[in-house]
Amino acid sequence: MITVAFCCFFVSMEISLVSLIIIKDPNAWRLQFDVTLVAVLFSGIGNAFRGGVITWCLKRKGPSYVSIFKPLALVIADVVDVTFLGEGLYFGSLVGGVVIVAGFYAVMWGKAKEEKSLKNTDKVECLDSSDESSPLLQNRQ
């Protein structure tokens, strides 16, 4: 969580600096009590919640589960665009969505099969840095 907090902090600093250089009008920086304030709050709260959920999932299931959901967000965005915003659904988006979802389920199927095979065997294969099969990572004396 600390790493995610530091990452968000430094990205915020970089974005603030770039924004101050690009947008020179001071009136553009005032928040009004209307939809702009709601958008800023929703974005901040949503990003903080997303960072926490991603960190929790990473700790619980590992990096392959977390990384597979990133492309799935594009499919969800297309569905929301078509459903709520009335955008058109293009053939390329449809084919891309099918490929992403098929890849998602293929990875999930492979991970489930791998976990099932590891449960059926008594031997757990894990390479440590001090293992004989990884000589480059060993400490030389």
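A quick note: this is a predicted structure, and the numbers were derived from the prediction, not measured.

The rules behind the values
Residues numbered from 1 in each chain as written. Predicted model: local features only at pLDDT ≥ 70, side-chain atom pairs only at ≥ 80, totals over all residues. Heavy atoms only, no water. Helix = DSSP H or I, 4+ residues; strand = E, 2+ residues; numbered from the N terminus. Buried < 20%, exposed > 50% of the residue type's maximum accessible area, 1.4 Å probe, protein only. Contact = heavy atoms within 4.5 Å. Areas by Shrake-Rupley, 256 points an atom, 1.4 Å probe, with all protein chains shown as cover. Phe/Tyr/Trp six-rings, centres within 6.5 Å; stacked < 30°, edge-to-face > 60°. pLDDT = per-residue confidence, 0-100. Core = buried A, V, L, I, M, F, W, Y, C linked by side-chain atoms within 4.5 Å. UniProt positions renumbered as here; feature names shortened; annotations may be inferred. Expected span 1.5 Å × (residues − 1). Axes fitted to C-alpha atoms, helices over the stretch in contact; angles between N-to-C directions. Parallel < 35°, antiparallel > 145°, perpendicular 65-115°, else oblique. Left-handed = near helix turned anticlockwise from the far one by under 90°. Nonpolar A, V, L, I, M, F, W, Y, C, P; charged D, E, K, R; others polar.

Draft legend 1. Structural context of the overall build of the protein chain. Looking only at helices and strands, the protein chain has four helices and zero strands in total. Along the chain direction, N to C, the helices and strands of the protein chain fall in the order α-α-α-α. Expressed as a percentage of the 141 residues in the protein chain, the buried residues total 9%. Counting contacts in the protein chain only where the partners sit at least 6 residues apart, residues at least 24 apart contribute 51% of the total. Within the structure as shown, the protein chain displays about 12,300 Å² of accessible surface, and the carbon and sulfur contribution to it stands at 69%.

Draft legend 2. Examining the packing of aromatic side chains more closely. Here the structure, examined in full by the defined rule, presents three aromatic pairs. Aromatic side chains F6 and F10 sit 6.4 Å apart centroid to centroid with 20° between the ring planes, which places their arrangement in the stacked category. One end of the pair is F6 and the other is F10, both in helix α1 (residues 2-22) and four residues apart, which spans about a single turn. Aromatic pair F104 and Y105: ring centres 5.2 Å apart, planes at 75°, arrangement edge-to-face. In textbook terms, an aromatic cluster arises when at least three aromatic residues are bridged by ring pairs, as seen for F6, F9 and F10.

Draft legend 3. Expanded view of the confidence of the model for the protein chain. Confidence in the prediction for the protein chain averages 79 pLDDT; 85% of positions are at 70 or higher. Highest mean pLDDT in the protein chain belongs to α1 (87); lowest belongs to helix α3 (residues 63-84) (79).

Draft legend 4. Seen up close, the nonpolar core. The biggest cluster of nonpolar side chains holds five residues, and these are Y65, I68, L72, F104 and M108. Only α3 and α4 (91-120) provide two or more residues apiece to this core. Counting residues per element, this core draws most heavily on α3, at three residues. Not counting residues within four places of it along the chain, the set of residues in contact with M108 comprises Y65 and I68.

Draft legend 5. Structural context of the UniProt feature "transmembrane region" (unreviewed entry) in the protein chain. Under the local residue numbering, the UniProt record ascribes the feature "transmembrane region" (unreviewed entry) to residues 36-58, 65-84 and 90-109. A helix fraction of 100% and a strand fraction of 0% characterise residues 65-84, whose end C-alpha atoms lie 28 Å from each other. Secondary structure over residues 90-109 splits into 95% helix and 0% strand, and the C-alpha atoms at its two ends are 29 Å apart.

Draft legend 6. Representation of α4 within the structure. Over its 30 residues, α4 runs 43 Å from end to end, which matches the ideal 44 Å to within 8%, given 1.5 Å per residue. Contacts made by the buried residues of α4 are with α3.

Draft legend 7. The arrangement of the packing of α3 against α4 in detail. It is the contact of α3 with α4, at a shortest axis distance of 9 Å, that shows an interaxial angle of 155°. In terms of their interaxial angle, α3 and α4 are classed as roughly antiparallel. Of the two elements, α3 crosses α4, and the hand of that crossing is left-handed. When α3 is examined against α4, the residues S64, Y65, I68, F69, P71, L72, L74, V75 and D78 are found in contact with a partner set consisting of S93, G97, I100, V101, G103, F104, V107, M108, K111 and E115.

Draft legend 8. Quick peek at the packing of helix α2 (residues 35-61) against α3. Where α2 contacts α3, the two axes come as close as 7 Å, and the packing angle between them is 140°. The orientation of α2 with respect to α3, classified from their angle, is oblique. On α3, the residues that touch I54, C57, L58 and K61 of α2 are P63, Y65 and V66. Classifying every residue of the contact of α2 with α3 gives six nonpolar, no polar and one charged.

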